[in-house]
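Coordinate analysis (summary)
Chain by chain, the residues:
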Amino acid sequence: MGQEKSMFAENAAEKLRRHGEEAYGRKEYSINERIRCFVGFGHSNCTVIEGETSLILIDALDSGERARRLKEKLEQETGKTVETIIYTHGHPDHRGGAGAFQDTVKEIIAFAPKRVQLKYTERLNKVLGERTRRQFGYALTEEECITQGIGIREGHAVGDGVYEFLPPTTVYTEEKVERTIDGVRLELKAAVGETDDQIFVWLPDDQVLCCGDNYYGCWPNLYAIRGSQYRDIAAWTDSLKEIMAYPAKALLPGHTRPILGQEKIQEVLGNFCGAIESVLLQTLDCMNQGMTESETAEAVKLPEEYLGLPYLGEFYGTIDWSVRAIYHGYLGWFDGNPTNLNRLPDCVMAEEILDLAGEEAVYARAEERYGEGNYQMTVQLCDLILQAGGRKEKEAQKLKGKSLMKLAERITSANGRHYYIDCAKELLK
């Protein structure tokens, strides 16, 4: 039997709660006399640069209501208004507050994605919407959710405003653009990573770099369980190395606290990049040896030098999910075993196993495993009954729901916790 995965811990909920408080506590960071980073004012961060006559925003918080409060604060303190917004990427939590500035903003800058979204993706809106709700815990209570993993809960999930998007007015397709906006010199650089339209912003006169979501202080979503196209992890590590090539004295992420000091930035980003690259290369090596997806996920581990580093904690993505995404991203669904070329439907295989072992015996074993605290085995045994539509279907549904709740208590990933709880509540209705 495989060992328990690194994303599980006895005190997982407390670890997740502590991570949220430490990483996303509401605070204004004054980087210098003209640059401030606002953490915890929304789900994502907002960086404000004071120009000669106006303000420049890098990202705009996640809801109109939250952005309006920031707008009022900035205008009172500076006597200036926001005339420029730069999107580090297109995720809604970085653009949702832009509408609050529609009366003053003159230019909104973004980069075009380096790879277009698959055609007809909109035909998946229903299932993607449902899985997104589950991943982020939008329907959960504060106690159930704890944190969204890389920030406080989004405004629309807690009655604190809704998305108010404004489209970009300037969209670049270049690799790098240099601009001077209201006396502020900026370099905008495409940096594929968590998204294909990701950029970072370098302020040479201040030696400040805003890196968007290519770093956010915990194990990243190299794969998002809500569903997404393969994220090019090799390109992501290349982008991190590019960021490290700049002599930044302050690194301002799209989520979590700034990193201050050139030596500290190099240390943290070096470890972050090194850990991701290690998982990628280990996975490819296992695949090249003919190992299956499950065997590969069991085999890949973080090297010892990265263990215990707080900014590599599995509070958002997980190593296991990353490995599985890499496996499918490079080789697709077929693992090389000819048995899997034309597998029987799950329901047919489940019926065969139940006929062989007996449904009562399988359910009794599931209850036994639940009593032993082996909740993963419990849910998989319950799935045999549910897939076959057996007589014990209702009992198996309830037992699976109870087991998912137990798994939620033990997983450090906010995404995994939310998904377990949301699905468990449906089963336990």
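Below or above, wherever it landed, is the structure these notes cover. Computed from a predicted model, the values in this text were never measured in an experiment.

With that settled, the discussion passes to the side chain of Q198. Relative to the helices and strands, Q198 resides in the loop between strand 9 (184-190) and strand 10 (199-203). Looking at Q198, the relative accessible area reads 1%, which means it is buried. Polar side-chain contacts of Q198 include one of 3.3 Å to the side chain of H89. Q198 has contacts with T88, H89, K189, A190, A191, V192, G193, C211, G212, D213 and N214, leaving out every residue within four places of it along the chain.

Another point: the packing of helix 11 (residues 359-372) against helix 13 (residues 393-410). Between helix 11 and helix 13, the shortest axis-to-axis distance is 11 Å and the interhelical angle comes to 20°. With respect to each other, helix 11 and helix 13 are oriented roughly parallel. Handedness of the helix 11/helix 13 crossing: left-handed. Residue-level inspection shows E359, Y363, A366, E367 and Y370 of helix 11 in contact with helix 13, the latter providing E393, E395, A396, L399, K402, S403 and K406. Partitioned by chemical class, the residues of the contact of helix 11 with helix 13 number 5 nonpolar, 1 polar and 6 charged.

Let's shift gears to the side chain of R231. By the secondary structure assignment, R231 is in the loop between strand 11 (208-212) and helix 6 (233-244). In this structure R231 comes out as buried when scored by relative accessible area, which is 7%. Within the structure, the side chain of R231 is placed 3.0 Å from the backbone oxygen of E194, a separation counted as a polar contact. Ignoring sequence-local partners within four residues, the contact set of R231 consists of H91, G193, E194, N221, L222, A224, R226 and W236.

On to the nonpolar core. Counting 38 residues, the largest nonpolar core has L209, Y215, W219, L251 and V279 as the members making the most contacts within it. Listing elements by their share of this core, those giving two or more residues are strand 10, strand 11, helix 6, helix 7 (262-288) and helix 9 (319-331). With 11 residues, the top contributor of residues to this core is helix 7.

A few words now on the sheet that holds strand 7 (residues 170-172). The mixed open sheet is built from 7 strands, whose spatial order is 1-2-3-4-5-6-7. Strands with a single pairing partner mark the edges of an open sheet, and in this sheet they are strand 1 (27-30) and strand 7. Neighbour-to-neighbour, the strand axes of the sheet open up by a mean angle of 20°, direction not taken into account. Examined bridge by bridge, strand 3 (residues 46-50) and strand 4 (residues 55-58) share 4 bridges and lie antiparallel to one another. Bridge pairing links T47 to I58 in strand 4. Of the strands in this sheet, strand 1, strand 2 (35-39), strand 3 and strand 4 touch helix 2 (residues 64-78), which is tilted by about 150° from strand 2.

Successive residues of a regular strand alternate their side chains across the two faces of the sheet. Among the 7 residues of strand 9, 6 are classified as buried, and the element is accordingly described as predominantly covered. Bridge count for strand 8 (residues 176-181) against strand 9 is 6 bridges, and the pairing is antiparallel. By the bridge assignment, I181 is partnered in strand 9 with V184. What sits between strand 8 and strand 9 in their antiparallel hairpin is a turn of 2 residues, with D182 showing a positive phi close to 50°. Inspection of the sheet shows strand 9 paired to strand 10 by 4 bridges, in the antiparallel sense. Bridge pairing in strand 10 links A190 to I199.

A complete count under the given rule lists 1 cavity of 30 Å³ or more for this structure. In this structure, the largest cavity encloses a volume near 40 Å³. Considering the residues around the largest cavity, the lining is formed by N45, T47, I58, D59, T88, C210, G212, L252, P253 and G254. For the lining of the largest cavity, the secondary structure elements donating two or more residues are strand 11 and strand 12 (250-253).

Looking now at the pairing of strand 6 (residues 107-111). Within strand 6, 5 of the 5 residues are buried, which leaves the element mostly enclosed by the surrounding structure. The pairing of strand 5 (residues 82-86) with strand 6 spans 3 bridges and is classified as parallel. Looking across to strand 6, one finds that I85 is bridged to I108. The pairing of strand 6 with strand 7 spans 3 bridges and is classified as parallel. When the bridges of strand 7 are listed, F111 appears paired with Y172.

Calculation criteria
Residues numbered from 1 in each chain as written. Predicted model: local features only at pLDDT ≥ 70, side-chain atom pairs only at ≥ 80, totals over all residues. Heavy atoms only, no water. Helix = DSSP H or I, 4+ residues; strand = E, 2+ residues; numbered from the N terminus. Buried < 20%, exposed > 50% of the residue type's maximum accessible area, 1.4 Å probe, protein only. Polar contact = N/O pair within 3.5 Å; in protein donor to acceptor, adjacent residues only side chain to side chain. Contact = heavy atoms within 4.5 Å. Axes fitted to C-alpha atoms, helices over the stretch in contact; angles between N-to-C directions. Parallel < 35°, antiparallel > 145°, perpendicular 65-115°, else oblique. Left-handed = near helix turned anticlockwise from the far one by under 90°. Nonpolar A, V, L, I, M, F, W, Y, C, P; charged D, E, K, R; others polar. Core = buried A, V, L, I, M, F, W, Y, C linked by side-chain atoms within 4.5 Å. Pairing = 2+ DSSP bridges. 1 Å grid on protein atoms, 1.4 Å probe; cavity = no way out; pocket = protein on both sides within 12 Å on 5 of 7 lines; lining within 4 Å. Points joined across faces, edges and corners; volume = space filled by probe spheres on them.

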